[in-house]
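# Structural features, examined
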Amino acid sequence: MSNSLPESARTILEKIRAGFPLIEIISWEEDRVCEHLGLICMTEFDPPRHFTTWSVTEGFSDGADGPGKAKDDPLGALDYIIQNEEKRVFLLKDFHHYMRDDHIVRRLRDAHSALQDSDRCIILLGAVTTVPPELVKDVLVVDYDLPDVDEVGQIVETALWSMQTVDGEQMAIREGQRTQILRMFLGLTRDEIRRTIKKITLSHDVLDMDCADEIIEEKRQILRKTEILDFIPTTDDLDQVGGLAKFKEWSKIREKGFSEEARAFGLPMPKGILLTGISGCGKSLAITCLAHQWRLPLVRLDMGRVFAGFVGSPEESLRRAIMTAEAISPSILWIDEIEMGISVFSDSVESGSTSRIFASFLTWMQEKSKPVFIAATANDIDRLPPEFIRKGRFDEVFFVDLPGEKEREEIFRIHLLKRKQNPARTSLNSLAKSTKGFSGAEIEQALADALYEAFYAGKDLDIMDIYRITGRMVPLSVTMKEQITKIKRWADNRAVKANAE
């Protein structure tokens, strides 16, 4: 039976068997965790162990004195557990709220001593961890994983069995698309999966890739609640990025790095990349297109909000972000302008806390076992500590320079086609020569401005419209000449050039 349980549940089973008296489970899914633990107590022990839950509103779920004991009395709940000598697993819901109380902390330490070698165990279940320093050595903390692909399959099948389509038929998964569909639900809780399927049945008669937009939108709304993660839809592959030939070549070589064939060949899992360089030259675009090219979900982490402590403690925010990225793996975790987040973090918390959390994040980057590919971008790499960019954290550090002449031609061609213009009607070579020092973003904006003026004049776009706009623009390479020269000098022998020219 234990093989059918999630890995987190099997871990907790091992710890209960090993005699750990205090375990804290971090999870949003109270009902799912309780179901799994109840199943463990019923099937994995001989004789079965009692599984008893407690909450401040309802007290204990059972016991010799009947249900409801120690209602609204967390200290009394611990007293009852210490005095009870039956082989039981006690689960205390939302107990982290009371762990700031000195009396509760003291009684938990008493419970740790009393439950040693007793076949009794206390499990603290909540959505956050607040283990006080006095209990750090006594409490084992376990992050409870979100449903994996196998469990998602069970949840989806059960939900579909109870639902009907708009035509009154039982809904089913499109044949041949099962694995793709199930992977799209990764990162959601069981209840979120059920609600999403129920919403889909209102407008679809089969669960297939045509439902992808609805699933992605639900994930985006759910991740938005975290305020630090955003699910980024991707629509273009790397052909829509002008230039960056060496980066594109590297990405094609690594494209199959997450496959089972790569593991069988002896290849390590791809770790990540750092793109640094001049602002407006396509670093962020390259990341979104890379995710589409590799067919991996892209989640953006707002490191500034994490490190500034806007959404709870930095430790808790970062831990949740990592959990979510791992839950939907293989995935790409995009950290945009990472130097800004680290700077905000360093200025807003104590230095000891800074060192501890940053070291924890670096250790995770180095040793993570799940296929989460880190894609970080930085405009000012001097603000990053050297231990962050050393080999082993990333597979490669790329420098994105201003586009060369051939690359500017390619950028003009791509943006003209995107705006329903015919590149053959324009001398791309002349435009490229006249825009030396322009970034890709500046070329895109020049074309947009020229189109607005042509539209206002009631005529088709011609090359003179573009010349007028670029002629009065002052590119970043001029206004920030000294800073850009400094960045280029840094990259000469410290990073791989992403551009061909």
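Structure's up top.
Let me begin by describing the structure that accompanies this report. (Residues numbered from 1 in each chain as written. Predicted model: local features only at pLDDT ≥ 70, side-chain atom pairs only at ≥ 80, totals over all residues. Heavy atoms only, no water.)

### Quick word on the overall build of the chain
How we decide: Counting from the N terminus, the helices are DSSP H or I runs at least four residues long and the strands are E runs at least two residues long. Partly exposed describes any residue whose relative accessible area lies between the buried limit of under 20% and the exposed limit of over 50%, with all areas from a 1.4 Å probe on protein chains only and scaled to the type maximum. Reported accessibility uses the Shrake-Rupley method at a 1.4 Å probe radius. Residues are deemed covered only where the shown protein chains occlude them. Under the convention used here, Asp and Glu are negative, Lys and Arg are positive, and both His and the chain ends fall outside the count. Just so you know, the charge point we use is NZ for Lys, CZ for Arg, CG for Asp and CD for Glu.
Check the secondary structure of the chain and you find 22 helices and 13 strands. Seen along its three principal axes, the alpha-carbon backbone of the chain occupies a region of about 90 × 60 × 50 Å. Taken over 501 residues, the chain has a buried fraction of 50%. Just so you have it, the chain exposes about 24500 Å², and 50% of that area is on carbon and sulfur atoms. Measuring between centres, the 66 positive side-chain charges of the chain sit 5 Å from its 82 negative side-chain charges.

### Let's talk about the pattern of salt bridges
Pairing between side chains of opposite charge can happen when their charged atoms approach one another. To be explicit about the condition: Take a side-chain nitrogen of Lys or Arg and a carboxyl oxygen of Asp or Glu: if they are within 4 Å of each other, that pair is a salt bridge.
Throughout the structure, instances matching the rule amount to 27 salt bridges. A salt bridge links Arg17 to Glu44; its shortest N-O distance comes to 3.3 Å. Here Glu44 lies in the loop between α2 (30-43) and β2 (50-55) and Arg17 lies in helix α1 (residues 7-17), a separation of 27 residues in the sequence. When the shortest N-O distance is used, the salt bridge between Lys488 and Asp401 registers 3.6 Å. Highlighted residues: Lys488 in helix α22 (residues 481-491) and Asp401 in the loop between β12 (396-400) and α17 (405-418), separated in sequence by 87 residues. The exposure class of Lys488 is partly exposed, given its relative accessible area of 32%. The network of salt bridges with common partners includes Asp79, Arg106, Arg107 and Asp110.

### Overview of unusual backbone geometry
The linkage connecting Asp46 with the following residue, Pro47, adopts the cis geometry, with an omega of 0°. Along the chain, Pro47 turns up in the loop between α2 and β2. Look at Ala70: it is not a glycine, yet its phi comes out positive at around 65°. Along the chain, Ala70 falls in the loop between β3 (59-60) and α3 (74-83).

### What to know about the sheet that holds β3
Our working definition: Strand pairing is assigned whenever DSSP identifies at least 2 bridges connecting the two strands.
Judged by pairing direction, the sheet is mixed, and its six strands sit side by side in the order β3-β2-β4-β5-β1-β6 without closing on themselves. Either end of the sheet is taken by a strand with one partner, and the two such strands are β3 and β6 (140-143). In this structure, β2 lies alongside strand β4 (residues 88-93), joined through five bridges in parallel fashion. Paired with Thr53 across the two strands is Leu91, which belongs to β4.

### A few points about the packing of α3 against helix α4 (residues 102-114)
Counted only if it meets this: Simply put, an axis is a line fit to the C-alpha atoms, just over the touching stretch for a helix, and the angle between two N-to-C directions goes from 0 to 180 degrees. The scheme is simple: roughly parallel for angles under 35 degrees, roughly antiparallel for over 145, roughly perpendicular for 65 to 115, oblique for anything else. Only heavy atoms enter the contact rule, under which two residues are in contact if any of them lie within 4.5 Å. Under the scheme applied, nonpolar residues are Ala, Val, Leu, Ile, Met, Phe, Trp, Tyr, Cys and Pro; charged residues are Asp, Glu, Lys and Arg; polar residues are all the others, including Gly.
Relative to each other, α3 and α4 sit at 10°, their axes nearing to 10 Å. Comparing their axes, α4 and α3 come out roughly parallel. Note on element contacts: α4 touches α3 through His103, Ile104, Arg107, Leu108, Asp110, Ala111 and Ala114, opposite Pro74, Leu75, Leu78, Asp79 and Ile82. Of the residues that constitute the contact of α3 with α4, the class distribution is eight nonpolar, one polar and three charged.

### A few points about the environment of Pro371
As for its position among the elements, Pro371 is in the loop between α15 (351-367) and β11 (372-378). For Pro371, a relative accessible area of 17% gives the class buried. Leaving out residues up to four positions away in the same chain, Pro371 has contacts with Phe258, Met269, Ser329, Pro330 and Ser331.

### What to know about the environment of Glu24
One can find Glu24 in strand β1 (residues 22-26). Since its relative accessible area comes to 2%, Glu24 is described here as buried. Sequence-wise, Glu24 and Ile12 are 12 residues apart; in three dimensions their C-alpha atoms are separated by 9.8 Å. Those residues within four positions of Glu24 in sequence are excluded, and the remaining contacts are Leu124, Val128, Thr129, Thr130, Val131, Val139, Leu140, Val141 and Val142.

### With respect to the packing of aromatic side chains
The condition that has to hold: Paired rings are identified among Phe, Tyr and Trp, the last through its six-membered ring, by centres lying within 6.5 Å, and are further divided according to the angle between planes into stacked (under 30 degrees), edge-to-face (over 60) and tilted (the rest).
In total, this model carries 13 aromatic pairs according to the counting rule given. Ring geometry for Phe60 against Tyr80: centres 4.7 Å apart, planes inclined by 45°, an arrangement best described as tilted. A residue pair is termed long-range when its members are at least 10 positions apart, and Phe60 in strand β3 and Tyr80 in helix α3 qualify at 20 residues. Taking relative accessible area as the criterion, Phe60 reaches 1% and is therefore assigned buried. Looking at Tyr80, the relative accessible area reads 9%, which means it is buried. Seen in terms of ring centroids, Phe95 and Tyr98 are 5.5 Å apart; in terms of plane orientation they differ by 65°. Their pairing is edge-to-face. The class for Phe95 is buried, based on a relative accessible area of 0%. Taken together, the ring pairs connect Phe247, Trp250, Phe258, Trp294, Phe373 and Phe398 into an aromatic cluster.

### Remarks on the packing of helix α9 (residues 245-254) against helix α11 (residues 283-294)
Formally: Here a crossing is called left-handed whenever its near helix is offset anticlockwise from the far helix by less than a right angle, and right-handed whenever the offset is clockwise.
Taken N-terminus to C-terminus, the directions of α9 and α11 make an angle of 30°; their axes are 11 Å apart at the nearest point. Relative to α11, the element α9 lies roughly parallel. Like other packed secondary-structure pairs, α9 and α11 cross with a definite hand, here right-handed. Along its contact with α9, which presents Phe247, Trp250, Ser251 and Arg254, the element α11 presents Ala286, Leu290 and Trp294.

### Focus: the environment of Val241
Locating Val241 in the fold gives a position in the loop between β7 (229-232) and α9. When its relative accessible area of 3% is taken as the criterion, Val241 is described as buried. Residues Val241 and Gly282, spaced 41 residues apart in sequence, show a C-alpha to C-alpha distance of 7.4 Å.

### Remarks on the nonpolar core
We count it as follows: As used here, the term nonpolar core means buried Ala, Val, Leu, Ile, Met, Phe, Trp, Tyr and Cys residues forming a set that is joined through side-chain atoms within 4.5 Å.
One finds Val156, Phe185, Leu207, Leu301, Leu333, Phe361 and Phe388 to be the most contacted residues of the largest nonpolar core, which totals 58 residues. Top element by residues in this core is α15. It accounts for six residues. Residues contacting Leu207, with those up to four places away along its chain left out, are Val156, Leu160, Met171, Ala172, Ile173, Arg174, Ile181, Phe185 and Ile200. In terms of nonpolar packing, the next biggest core, distinct from the first, is built from 28 residues, Cys289, Ala291, Leu296 and Ala498 among them.

### Overview of the side chain of Lys248
Quick reminder of the rule: Two N or O atoms count as a polar contact when they lie within 3.5 Å, although within protein this holds only if one can serve as hydrogen donor and the other as acceptor, and sequence-adjacent residues are included solely when both atoms are side-chain atoms.
You can see Lys248 is positioned in helix α9. Its relative accessible area of 13% is what places Lys248 among the buried residues. A polar side-chain atom of Lys248 sits 3.4 Å from the main-chain carbonyl oxygen of Leu238. Among the polar contacts listed, one links the side chain of Lys248 to the side chain of Glu410, at a separation of 3.5 Å. Apart from the residues within four sequence positions on either side, Lys248 is in contact with Leu238, Val241, Gly243 and Glu410.

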